[in-house]
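Residues per chain, in single letters:
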Amino acid sequence: MPEIILPAKIDCINEAMDFLRRQIGEDNAHISSYVELAVEELLINVVNYAFPDASESPKEHKNILLGCRYVNMDGVKQFCVWVKDRGVPFDPFELTRTPDTSLNVEEREIGGLGVHIVKNVSNHYVYSEADGTNTVELYFKLVDPTCEN
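Let me begin by describing the structure that accompanies this report. Worth saying up front: this structure is predicted, and the values here are computed from it rather than measured.

Focus on the nonpolar core
V35, L66 and V81 are the most contacted members of the largest nonpolar core, which totals 35 residues. Listed by contribution, the elements that provide at least two residues to this core are β1 (3–7), α1 (13–24), α2 (32–50), β2 (63–73), β3 (76–85), α4 (113–121) and β5 (133–141). Setting aside its immediate chain neighbours within four residues, V35 contacts L20, I24, F79, V81 and F140.

Digging into the packing of aromatic side chains
Counted under the stated rule, the structure contains two aromatic pairs. Plain terms: the ring middles of F93 and Y125 are 4.4 Å apart, the flat faces sit at 35° to each other, and that makes the pair tilted. Of this pair, F93 sits in helix α3 (residues 92–95) while Y125 sits in strand β4 (residues 124–130), placing them 32 residues apart in sequence. On the basis of relative accessible area, F93 is assigned to the buried category, the value being 11%. Judged by relative accessible area, which is 31%, Y125 ranks as partly exposed.

Overview of the packing of α2 against α4
It is the contact of α2 with α4, at a shortest axis distance of 9 Å, that shows an interaxial angle of 145°. Once α2 is placed against α4, the crossing between them reads as left-handed. Facing α2, whose interface residues are Y34, L37, A38, E41, L42 and N45, α4 presents G114, V115, I117, V118 and V121. Within the contact of α2 with α4, the residues separate by chemical class into eight nonpolar, two polar and one charged.

Things to note about α1
Taking 1.5 Å per residue as the helical rise, α1 with its twelve residues ought to reach 16 Å, and the 16 Å between its terminal C-alpha atoms agrees with that figure. Among the residues of α1, I13, A16, M17, F19, L20 and I24 are the ones counted as buried. Relative to the axis of α1, the buried residues are bounded by an arc of 160° and lie together on one face. In α1, the exposed positions angled more than 90 degrees off the buried face are occupied by N14 and R22. Packed against the buried residues of α1 are β1, α2, β2 and β3. Count one or two residues on from α1 and you reach G25, which has phi positive near 75°.

Cut-off values and rules
- Residues numbered from 1 in each chain as written.
- Predicted model: local features only at pLDDT ≥ 70, side-chain atom pairs only at ≥ 80, totals over all residues.
- Heavy atoms only, no water.
- Core = buried A, V, L, I, M, F, W, Y, C linked by side-chain atoms within 4.5 Å.
- Buried < 20%, exposed > 50% of the residue type's maximum accessible area, 1.4 Å probe, protein only.
- Helix = DSSP H or I, 4+ residues; strand = E, 2+ residues; numbered from the N terminus.
- Contact = heavy atoms within 4.5 Å.
- Phe/Tyr/Trp six-rings, centres within 6.5 Å; stacked < 30°, edge-to-face > 60°.
- Axes fitted to C-alpha atoms, helices over the stretch in contact; angles between N-to-C directions.
- Left-handed = near helix turned anticlockwise from the far one by under 90°.
- Nonpolar A, V, L, I, M, F, W, Y, C, P; charged D, E, K, R; others polar.
- Expected span 1.5 Å × (residues − 1).
- Arc of directions from axis to C-beta.

Written out as structure tokens, the structure reads:
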């Protein structure tokens, strides 16, 4: 299972995207933009919110673990990506309100659109917290939509 440890800083995003592109490969390039968009949103949230008292956290706790694997879920091949951090426990899927996308941009509240996007570009998502580690897993179907009937 390929993994990469990244510093919890915005400038880690390019390295994360390069890692994901290598893991996805040419055969599954059709999911690359969805995976990158979703993971970028998650990484930005971790960087901005997981470590509010960063000066008090041990240095090794201010990292992000990004990993992936191929799985078979209910008979469907999928690409699974996970983001792990040791920041403040936070379930983005439960605690973030769904934005009212029927409103004009000027009428909407700020925030919440990123998690909404993550939910809509992935086929399955899950959050867990154990032993001080937050884990978000995202699943993307590997079926190329251009080949479906």
